[in-house]
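Architecture and fold: a report
Spelled out from the first residue to the last, the chains are:
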Amino acid sequence: MCDAIGAAVNSLPRADRRSFLRILGATAAAGGIAAAAGCSTTAGGASPSAAAAPGTTLATIGDPGARTRLVLLGTSGGPLMTSAERVGTSTAIVVGDRYYLVDVGWGSNLRLVQAGLGSSPQDGVYPLAKLAGIFLTHLHSDHIAEWPSLYLTGVANARGRELPPIQVFGPGDRAVPPSVFPPNRPTPELVFPERPGPGIAGMTEQLRRAFAADLNDRIRDQGLADPRSLFEVHDIDLTGIADVDPEGVPPRLTTPIPVWEDDDVRVTATLVDHRPTAPAFGYRFDTPDGSIVISGDTTVSDNLIDLAQDCDYLVHEVIDAAWIESFTSALPPEAGLPLRQHLYASHTTVEQVGRDVAERAGAKNLVLNHLTAGTTDEAWQKAQNGYSGNLVIGRDLLQMAVASS
(Lines give C-alpha, C1' and ligand atoms only; values in the text may rest on other atoms or scores of the structure.)
Protein backbone atom coordinates (compact mmCIF):
# COMPACT_ATOMS: atom_id res chain seq x y z
CA MET A 1 0.00 0.00 0.00
CA CYS A 2 2.61 2.58 1.06
CA ASP A 3 4.88 1.40 -1.74
CA ALA A 4 2.10 2.46 -4.11
CA ILE A 5 1.98 5.87 -2.44
CA GLY A 6 5.72 6.30 -2.78
CA ALA A 7 5.57 5.22 -6.40
CA ALA A 8 2.82 7.76 -7.12
CA VAL A 9 4.84 10.60 -5.63
CA ASN A 10 8.12 9.51 -7.19
CA SER A 11 6.49 9.26 -10.62
CA LEU A 12 5.93 13.01 -10.62
CA PRO A 13 8.45 15.32 -12.29
CA ARG A 14 10.82 16.89 -9.76
CA ALA A 15 9.13 20.29 -9.91
CA ASP A 16 5.74 18.71 -9.31
CA ARG A 17 7.09 16.78 -6.34
CA ARG A 18 8.31 20.02 -4.79
CA SER A 19 4.93 21.63 -5.36
CA PHE A 20 3.19 18.60 -3.91
CA LEU A 21 5.25 18.75 -0.73
CA ARG A 22 4.51 22.47 -0.41
CA ILE A 23 0.80 21.67 -0.70
CA LEU A 24 1.18 19.27 2.21
CA GLY A 25 3.01 21.81 4.37
CA ALA A 26 -0.02 22.28 6.59
CA THR A 27 -0.13 18.55 7.18
CA ALA A 28 3.51 18.59 8.20
CA ALA A 29 2.80 21.39 10.67
CA ALA A 30 0.14 19.20 12.25
CA GLY A 31 2.57 16.30 12.58
CA GLY A 32 1.24 14.43 9.58
CA ILE A 33 3.98 14.77 6.96
CA ALA A 34 5.32 11.42 8.14
CA ALA A 35 1.94 9.95 7.36
CA ALA A 36 1.77 11.60 3.96
CA ALA A 37 5.20 10.34 3.00
CA GLY A 38 5.39 7.01 4.75
CA CYS A 39 2.09 6.01 6.32
CA SER A 40 3.39 5.95 9.89
CA THR A 41 2.10 8.30 12.57
CA THR A 42 1.46 8.51 16.27
CA ALA A 43 -2.05 8.74 17.63
CA GLY A 44 -2.69 11.65 19.95
CA GLY A 45 -2.25 10.94 23.63
CA ALA A 46 0.37 8.26 23.05
CA SER A 47 3.39 10.42 23.87
CA PRO A 48 5.55 8.88 26.58
CA SER A 49 6.72 10.73 29.66
CA ALA A 50 9.86 12.79 29.38
CA ALA A 51 11.68 10.31 31.62
CA ALA A 52 11.03 7.33 29.36
CA ALA A 53 12.31 6.51 25.92
CA PRO A 54 9.54 6.59 23.29
CA GLY A 55 7.53 3.40 23.06
CA THR A 56 9.12 1.61 26.01
CA THR A 57 6.24 1.61 28.48
CA LEU A 58 4.27 -1.62 28.73
CA ALA A 59 0.69 -0.55 29.45
CA THR A 60 -1.95 -3.09 30.44
CA ILE A 61 -5.70 -3.40 30.11
CA GLY A 62 -6.95 -5.98 32.60
CA ASP A 63 -4.89 -8.39 34.69
CA PRO A 64 -1.19 -8.17 33.68
CA GLY A 65 -0.72 -11.70 35.00
CA ALA A 66 -3.55 -13.22 32.97
CA ARG A 67 -2.71 -16.58 31.40
CA THR A 68 -3.71 -15.35 27.92
CA ARG A 69 -2.71 -11.86 26.81
CA LEU A 70 -2.74 -9.90 23.56
CA VAL A 71 0.38 -7.73 23.17
CA LEU A 72 0.72 -5.10 20.46
CA LEU A 73 4.41 -4.91 19.62
CA GLY A 74 4.23 -2.62 16.58
CA THR A 75 1.21 -0.67 15.34
CA SER A 76 2.53 1.36 12.41
CA GLY A 77 1.34 0.91 8.85
CA GLY A 78 3.84 1.14 6.02
CA PRO A 79 7.58 0.70 5.48
CA LEU A 80 8.98 4.13 6.43
CA MET A 81 10.51 4.50 9.89
CA THR A 82 9.14 7.89 10.90
CA SER A 83 8.35 7.55 14.60
CA ALA A 84 10.07 5.95 17.58
CA GLU A 85 6.67 5.54 19.23
CA ARG A 86 5.28 3.24 16.54
CA VAL A 87 7.33 0.51 14.89
CA GLY A 88 6.35 -1.89 12.15
CA THR A 89 3.29 -4.07 12.61
CA SER A 90 3.68 -7.10 14.88
CA THR A 91 1.39 -8.72 17.41
CA ALA A 92 2.02 -11.31 20.11
CA ILE A 93 -0.45 -13.74 21.65
CA VAL A 94 0.78 -15.00 25.01
CA VAL A 95 -0.68 -18.21 26.44
CA GLY A 96 0.87 -19.40 29.67
CA ASP A 97 4.63 -19.53 29.25
CA ARG A 98 4.54 -19.52 25.44
CA TYR A 99 3.88 -16.83 22.89
CA TYR A 100 3.06 -16.62 19.19
CA LEU A 101 3.80 -13.82 16.74
CA VAL A 102 1.72 -12.50 13.86
CA ASP A 103 3.93 -10.52 11.48
CA VAL A 104 7.37 -9.15 12.27
CA GLY A 105 7.57 -5.61 10.92
CA TRP A 106 10.59 -3.35 11.26
CA GLY A 107 11.56 -2.68 14.87
CA SER A 108 9.50 -5.52 16.32
CA ASN A 109 12.54 -7.43 17.59
CA LEU A 110 13.33 -4.54 19.91
CA ARG A 111 9.73 -4.52 21.09
CA LEU A 112 10.04 -8.23 21.99
CA VAL A 113 12.78 -7.31 24.43
CA GLN A 114 10.92 -4.28 25.75
CA ALA A 115 7.80 -6.38 26.32
CA GLY A 116 9.84 -8.98 28.21
CA LEU A 117 8.46 -11.82 26.11
CA GLY A 118 10.36 -15.05 26.66
CA SER A 119 13.14 -13.23 28.53
CA SER A 120 14.51 -13.87 31.97
CA PRO A 121 18.24 -13.12 31.70
CA GLN A 122 18.84 -13.87 35.35
CA ASP A 123 17.73 -17.42 34.61
CA GLY A 124 19.67 -17.64 31.36
CA VAL A 125 16.51 -17.47 29.22
CA TYR A 126 16.52 -15.35 26.07
CA PRO A 127 13.76 -13.73 23.93
CA LEU A 128 13.11 -16.66 21.60
CA ALA A 129 13.16 -19.29 24.32
CA LYS A 130 9.38 -19.18 24.68
CA LEU A 131 8.37 -18.40 21.08
CA ALA A 132 6.19 -21.23 19.75
CA GLY A 133 5.17 -19.94 16.31
CA ILE A 134 5.28 -17.14 13.76
CA PHE A 135 2.33 -16.51 11.43
CA LEU A 136 2.82 -14.10 8.52
CA THR A 137 -0.24 -12.48 6.97
CA HIS A 138 1.46 -11.54 3.70
CA LEU A 139 4.90 -10.78 2.37
CA HIS A 140 4.94 -6.98 2.19
CA SER A 141 8.12 -5.57 3.66
CA ASP A 142 6.40 -3.78 6.53
CA HIS A 143 5.12 -7.15 7.79
CA ILE A 144 8.24 -9.30 7.39
CA ALA A 145 11.22 -6.93 7.67
CA GLU A 146 12.49 -8.58 10.86
CA TRP A 147 12.21 -12.14 9.57
CA PRO A 148 15.79 -12.18 8.22
CA SER A 149 17.20 -10.97 11.54
CA LEU A 150 15.08 -13.44 13.53
CA TYR A 151 16.22 -16.29 11.32
CA LEU A 152 19.90 -15.36 11.31
CA THR A 153 20.25 -14.51 15.01
CA GLY A 154 17.57 -16.83 16.39
CA VAL A 155 19.85 -19.58 17.67
CA ALA A 156 21.89 -17.10 19.72
CA ASN A 157 18.70 -15.63 21.19
CA ALA A 158 17.02 -18.91 22.11
CA ARG A 159 19.20 -19.94 25.04
CA GLY A 160 17.27 -21.77 27.69
CA ARG A 161 14.76 -23.03 25.16
CA GLU A 162 13.06 -26.35 25.97
CA LEU A 163 10.22 -26.13 23.45
CA PRO A 164 10.03 -27.87 20.05
CA PRO A 165 11.18 -25.94 16.95
CA ILE A 166 9.44 -22.65 16.18
CA GLN A 167 6.73 -23.20 13.58
CA VAL A 168 6.67 -20.53 10.85
CA PHE A 169 3.70 -20.23 8.48
CA GLY A 170 3.04 -17.85 5.63
CA PRO A 171 2.07 -17.50 1.98
CA GLY A 172 3.49 -19.89 -0.58
CA ASP A 173 4.87 -19.12 -4.03
CA ARG A 174 2.86 -16.84 -6.27
CA ALA A 175 3.02 -18.21 -9.80
CA VAL A 176 1.42 -15.18 -11.48
CA PRO A 177 2.83 -11.69 -10.72
CA PRO A 178 0.42 -8.88 -9.86
CA SER A 179 -1.04 -6.59 -12.48
CA VAL A 180 0.72 -3.29 -13.17
CA PHE A 181 -0.59 -0.32 -11.20
CA PRO A 182 -1.79 2.08 -12.58
CA PRO A 183 -2.78 -0.10 -15.52
CA ASN A 184 -1.92 2.47 -18.18
CA ARG A 185 1.77 2.76 -17.35
CA PRO A 186 4.54 0.77 -19.08
CA THR A 187 5.12 -2.72 -17.71
CA PRO A 188 8.32 -2.73 -15.63
CA GLU A 189 10.83 -5.57 -15.70
CA LEU A 190 10.29 -8.29 -13.12
CA VAL A 191 12.73 -8.53 -10.26
CA PHE A 192 14.34 -11.98 -10.37
CA PRO A 193 12.13 -13.26 -13.20
CA GLU A 194 13.29 -16.84 -12.59
CA ARG A 195 11.21 -16.85 -9.40
CA PRO A 196 9.42 -13.49 -9.01
CA GLY A 197 7.00 -14.55 -6.29
CA PRO A 198 8.68 -16.78 -3.70
CA GLY A 199 6.69 -17.73 -0.62
CA ILE A 200 8.05 -17.79 2.90
CA ALA A 201 9.81 -21.14 2.42
CA GLY A 202 11.47 -19.99 -0.80
CA MET A 203 12.38 -16.64 0.73
CA THR A 204 14.02 -18.37 3.68
CA GLU A 205 16.05 -20.62 1.40
CA GLN A 206 17.30 -17.51 -0.42
CA LEU A 207 18.25 -16.00 2.95
CA ARG A 208 20.40 -19.04 3.65
CA ARG A 209 22.19 -18.51 0.34
CA ALA A 210 22.67 -14.79 0.84
CA PHE A 211 24.03 -15.19 4.39
CA ALA A 212 25.92 -18.44 3.90
CA ALA A 213 29.22 -16.81 4.96
CA ASP A 214 27.79 -15.72 8.30
CA LEU A 215 25.99 -19.00 8.92
CA ASN A 216 29.03 -21.11 8.11
CA ASP A 217 31.27 -18.99 10.33
CA ARG A 218 28.95 -19.36 13.28
CA ILE A 219 28.22 -23.04 12.74
CA ARG A 220 31.83 -24.13 12.03
CA ASP A 221 33.81 -21.76 14.25
CA GLN A 222 31.44 -20.80 17.09
CA GLY A 223 29.59 -24.09 17.38
CA LEU A 224 26.12 -22.58 16.95
CA ALA A 225 23.36 -24.76 15.54
CA ASP A 226 21.99 -24.36 12.03
CA PRO A 227 18.84 -22.17 12.07
CA ARG A 228 17.04 -25.11 10.48
CA SER A 229 17.16 -26.78 13.89
CA LEU A 230 15.25 -23.86 15.44
CA PHE A 231 12.76 -22.88 12.70
CA GLU A 232 10.45 -25.12 10.70
CA VAL A 233 9.12 -23.02 7.81
CA HIS A 234 5.88 -23.89 6.03
CA ASP A 235 4.03 -22.46 3.05
CA ILE A 236 0.28 -22.58 3.75
CA ASP A 237 -1.10 -25.05 1.23
CA LEU A 238 -3.97 -23.63 -0.83
CA THR A 239 -4.34 -26.64 -3.11
CA GLY A 240 -8.04 -27.05 -3.86
CA ILE A 241 -8.83 -23.81 -2.01
CA ALA A 242 -7.69 -20.95 -4.24
CA ASP A 243 -5.57 -20.03 -7.23
CA VAL A 244 -4.00 -16.57 -7.21
CA ASP A 245 -4.79 -14.46 -10.28
CA PRO A 246 -3.07 -11.20 -11.36
CA GLU A 247 -5.74 -9.10 -9.63
CA GLY A 248 -5.22 -10.89 -6.30
CA VAL A 249 -8.93 -11.07 -5.41
CA PRO A 250 -9.58 -14.04 -3.10
CA PRO A 251 -12.52 -16.42 -3.50
CA ARG A 252 -15.31 -16.61 -0.94
CA LEU A 253 -14.49 -19.40 1.50
CA THR A 254 -17.06 -21.56 3.28
CA THR A 255 -14.73 -22.88 5.98
CA PRO A 256 -11.55 -21.64 7.65
CA ILE A 257 -8.15 -23.04 6.73
CA PRO A 258 -6.56 -25.21 9.46
CA VAL A 259 -3.00 -24.02 10.14
CA TRP A 260 -1.65 -25.24 13.49
CA GLU A 261 -2.74 -26.71 16.81
CA ASP A 262 -0.86 -27.48 20.01
CA ASP A 263 -1.75 -27.80 23.68
CA ASP A 264 -2.32 -24.05 24.02
CA VAL A 265 -3.91 -22.78 20.81
CA ARG A 266 -5.75 -23.70 17.64
CA VAL A 267 -4.82 -21.46 14.72
CA THR A 268 -7.03 -21.14 11.66
CA ALA A 269 -6.79 -18.75 8.73
CA THR A 270 -8.79 -17.25 5.93
CA LEU A 271 -8.01 -15.38 2.72
CA VAL A 272 -8.44 -11.63 3.00
CA ASP A 273 -8.60 -9.03 0.22
CA HIS A 274 -5.42 -6.99 -0.02
CA ARG A 275 -5.48 -6.86 -3.79
CA PRO A 276 -3.28 -7.15 -5.77
CA THR A 277 -1.14 -8.76 -3.07
CA ALA A 278 -2.06 -12.43 -2.70
CA PRO A 279 -2.36 -14.70 -0.97
CA ALA A 280 -3.00 -12.58 2.13
CA PHE A 281 -4.23 -14.17 5.34
CA GLY A 282 -6.12 -13.29 8.48
CA TYR A 283 -5.61 -15.55 11.50
CA ARG A 284 -7.74 -16.70 14.42
CA PHE A 285 -6.24 -17.96 17.69
CA ASP A 286 -8.56 -19.95 19.92
CA THR A 287 -7.06 -20.31 23.39
CA PRO A 288 -8.32 -21.73 26.70
CA ASP A 289 -9.36 -18.19 27.70
CA GLY A 290 -10.84 -16.76 24.54
CA SER A 291 -10.31 -15.95 20.89
CA ILE A 292 -8.18 -13.40 19.06
CA VAL A 293 -8.47 -12.60 15.35
CA ILE A 294 -5.86 -10.59 13.44
CA SER A 295 -6.89 -9.20 10.07
CA GLY A 296 -3.62 -8.50 8.32
CA ASP A 297 -4.04 -5.92 5.55
CA THR A 298 -7.44 -6.06 3.87
CA THR A 299 -10.44 -4.16 2.68
CA VAL A 300 -13.78 -5.18 4.23
CA SER A 301 -13.71 -8.97 3.89
CA ASP A 302 -16.63 -11.35 4.30
CA ASN A 303 -14.11 -14.16 4.77
CA LEU A 304 -12.61 -12.33 7.73
CA ILE A 305 -16.02 -11.52 9.20
CA ASP A 306 -16.81 -15.23 9.12
CA LEU A 307 -13.51 -16.09 10.80
CA ALA A 308 -14.03 -13.45 13.50
CA GLN A 309 -17.54 -14.46 14.56
CA ASP A 310 -18.04 -13.82 18.31
CA CYS A 311 -14.33 -13.38 18.95
CA ASP A 312 -13.10 -11.69 22.10
CA TYR A 313 -10.59 -9.45 20.29
CA LEU A 314 -10.52 -8.40 16.66
CA VAL A 315 -7.21 -6.71 15.82
CA HIS A 316 -7.85 -4.93 12.54
CA GLU A 317 -5.91 -2.64 10.21
CA VAL A 318 -7.34 0.80 9.54
CA ILE A 319 -6.75 3.75 7.23
CA ASP A 320 -8.06 7.31 7.56
CA ALA A 321 -10.39 8.08 4.62
CA ALA A 322 -10.06 11.82 5.19
CA TRP A 323 -6.33 11.45 4.70
CA ILE A 324 -6.83 9.42 1.49
CA GLU A 325 -8.95 12.25 0.04
CA SER A 326 -6.53 14.97 1.13
CA PHE A 327 -3.45 13.14 -0.04
CA THR A 328 -4.70 11.98 -3.43
CA SER A 329 -6.37 15.32 -4.18
CA ALA A 330 -2.98 17.00 -3.87
CA LEU A 331 -1.60 14.79 -6.64
CA PRO A 332 -2.22 15.37 -10.36
CA PRO A 333 -5.37 13.50 -11.44
CA GLU A 334 -3.46 10.93 -13.49
CA ALA A 335 -1.63 9.84 -10.31
CA GLY A 336 -4.17 10.70 -7.61
CA LEU A 337 -7.28 9.03 -9.04
CA PRO A 338 -5.85 5.52 -9.51
CA LEU A 339 -4.04 5.73 -6.17
CA ARG A 340 -7.31 6.67 -4.45
CA GLN A 341 -9.01 3.65 -6.04
CA HIS A 342 -6.14 1.40 -4.97
CA LEU A 343 -6.21 2.52 -1.32
CA TYR A 344 -9.96 2.09 -0.98
CA ALA A 345 -9.85 -1.31 -2.71
CA SER A 346 -7.14 -2.84 -0.51
CA HIS A 347 -7.64 -1.31 2.95
CA THR A 348 -10.40 -0.70 5.50
CA THR A 349 -11.32 2.86 6.44
CA VAL A 350 -11.98 4.05 9.96
CA GLU A 351 -15.64 4.56 9.03
CA GLN A 352 -15.93 0.94 7.85
CA VAL A 353 -13.99 -1.04 10.42
CA GLY A 354 -16.43 -0.84 13.32
CA ARG A 355 -19.74 -0.68 11.49
CA ASP A 356 -19.04 -3.04 8.59
CA VAL A 357 -16.59 -5.50 10.12
CA ALA A 358 -16.48 -5.69 13.91
CA GLU A 359 -20.23 -5.26 14.41
CA ARG A 360 -21.08 -7.86 11.78
CA ALA A 361 -18.59 -10.26 13.35
CA GLY A 362 -19.97 -9.74 16.85
CA ALA A 363 -16.47 -8.97 18.13
CA LYS A 364 -16.45 -7.99 21.79
CA ASN A 365 -13.38 -5.76 21.43
CA LEU A 366 -12.09 -4.00 18.32
CA VAL A 367 -8.38 -3.13 18.46
CA LEU A 368 -7.16 -0.73 15.77
CA ASN A 369 -3.76 -1.69 14.37
CA HIS A 370 -1.56 -0.90 11.35
CA LEU A 371 -2.72 2.68 11.82
CA THR A 372 -2.24 4.57 8.59
CA ALA A 373 -2.15 8.32 8.42
CA GLY A 374 -4.46 9.49 11.21
CA THR A 375 -2.77 11.85 13.66
CA THR A 376 -5.17 12.07 16.61
CA ASP A 377 -7.36 9.82 18.70
CA GLU A 378 -10.32 11.86 17.46
CA ALA A 379 -9.74 10.53 13.95
CA TRP A 380 -9.62 6.92 15.13
CA GLN A 381 -12.60 7.27 17.49
CA LYS A 382 -14.84 7.36 14.42
CA ALA A 383 -14.45 3.58 14.35
CA GLN A 384 -16.92 3.45 17.24
CA ASN A 385 -19.75 4.72 15.02
CA GLY A 386 -22.02 1.77 14.26
CA TYR A 387 -20.10 -0.57 16.57
CA SER A 388 -21.59 -1.63 19.91
CA GLY A 389 -18.49 -3.26 21.37
CA ASN A 390 -15.41 -1.85 23.07
CA LEU A 391 -12.96 0.15 20.92
CA VAL A 392 -9.21 0.17 21.67
CA ILE A 393 -6.87 2.43 19.73
CA GLY A 394 -3.69 0.40 19.42
CA ARG A 395 -0.35 1.61 20.72
CA ASP A 396 3.00 -0.12 20.83
CA LEU A 397 3.51 -2.28 23.95
CA LEU A 398 -0.14 -2.20 24.95
CA GLN A 399 -1.18 -5.56 26.38
CA MET A 400 -4.73 -6.76 27.01
CA ALA A 401 -5.83 -9.63 29.20
CA VAL A 402 -8.02 -12.29 27.63
CA ALA A 403 -10.09 -13.68 30.48
CA SER A 404 -12.11 -16.87 30.42
CA SER A 405 -15.79 -16.27 31.16
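Refer to the structure printed above.
Residues numbered from 1 in each chain as written. Predicted model: local features only at pLDDT ≥ 70, side-chain atom pairs only at ≥ 80, totals over all residues. Heavy atoms only, no water.

Considering the sheet that holds strand β8 (residues 257–261)
With mixed pairing, the seven strands of this open sheet are ordered in space as β8-β9-β10-β11-β12-β13-β14. Edge positions in the sheet fall to β8 and β14 (390–393), since each has one partner strand and no second. Averaged over all adjacent pairs, the angle separating strand axes in this sheet is 25 degrees, with direction ignored. Sheet topology places strand β9 (residues 266–271) next to strand β10 (residues 281–287); six bridges connect them, and they run antiparallel. Bridge pairing in β10 links R266 to D286. (Pairing = 2+ DSSP bridges. Helix = DSSP H or I, 4+ residues; strand = E, 2+ residues; numbered from the N terminus. Axes fitted to C-alpha atoms, helices over the stretch in contact; angles between N-to-C directions.)

Topic: the packing of aromatic side chains
Enumeration according to the criterion identifies ten aromatic pairs in this entry. The interplanar angle of 55 degrees and the centroid separation of 6.3 Å between the aromatic rings of Y100 and F285 together place this pair among those described as tilted. With Y100 in strand β4 (residues 98–102) and F285 in strand β10, this residue pair connects regions lying 185 residues apart in the sequence. Each of the two residues, Y100 as well as F285, counts as buried. A ring pair is formed by F135 and F285, whose centres lie 5.4 Å apart and whose planes are at 90 degrees; its orientation type is edge-to-face. (Phe/Tyr/Trp six-rings, centres within 6.5 Å; stacked < 30°, edge-to-face > 60°. Buried < 20%, exposed > 50% of the residue type's maximum accessible area, 1.4 Å probe, protein only.)

Details of helix α5 (residues 108–115)
For α5, every residue scored as buried is listed here: S108, N109, R111, L112 and A115. Angular distribution of buried residues about the axis of α5 spans 160 degrees; they occupy a single face of the element. Buried residues belonging to α5 abut β2 (68–74), β3 (90–95), β4 and α7 (147–153). Count one or two residues on from α5 and you reach G116, which has phi positive near 75 degrees. (Arc of directions from axis to C-beta. Contact = heavy atoms within 4.5 Å.)

Considerations on the pattern of salt bridges
Counted under the stated rule, the structure contains 18 salt bridges. In this structure, the salt-bridge partner of D306 is R252, at a minimum N-O distance of 2.6 Å. In this pair, D306 is assigned in helix α10 (residues 302–307) and R252 in the loop between β7 (231–235) and β8, connecting sequence segments 54 residues apart. Given the relative accessible area of 38%, D306 is considered partly exposed. (Salt bridge = Lys/Arg side-chain N within 4 Å of Asp/Glu carboxyl O.)

What about the pairing of strand β6 (residues 166–170)?
Most of β6 sits inside the fold, with five of its five residues counted as buried. Burial of the side chains of β6 extends over both faces: I166, V168 and G170 are buried on one face and Q167 and F169 on the other. Taken together, the three bridges between strand β5 (residues 131–135) and β6 define a ladder with parallel strand orientation. What sits directly across from G133, in β6, is Q167. Across five bridges, the pairing between β6 and β7 is parallel. When the bridges of β7 are listed, V168 appears paired with V233.

Overview of the sheet that holds β5
The strand order across the open sheet built from eight strands is β1-β15-β2-β3-β4-β5-β6-β7, with neighbouring strands paired in mixed fashion. Of all strands in the sheet, those with a lone pairing partner are β1 (59–61) and β7, marking the two edges. Here the strands of the sheet are splayed against their neighbours by 20 degrees on average, with no regard to which way each runs. Each of β6 and β7 is contacted by helix α8 (residues 200–210), which is oriented at about 135 degrees to β7, the strand it contacts most.

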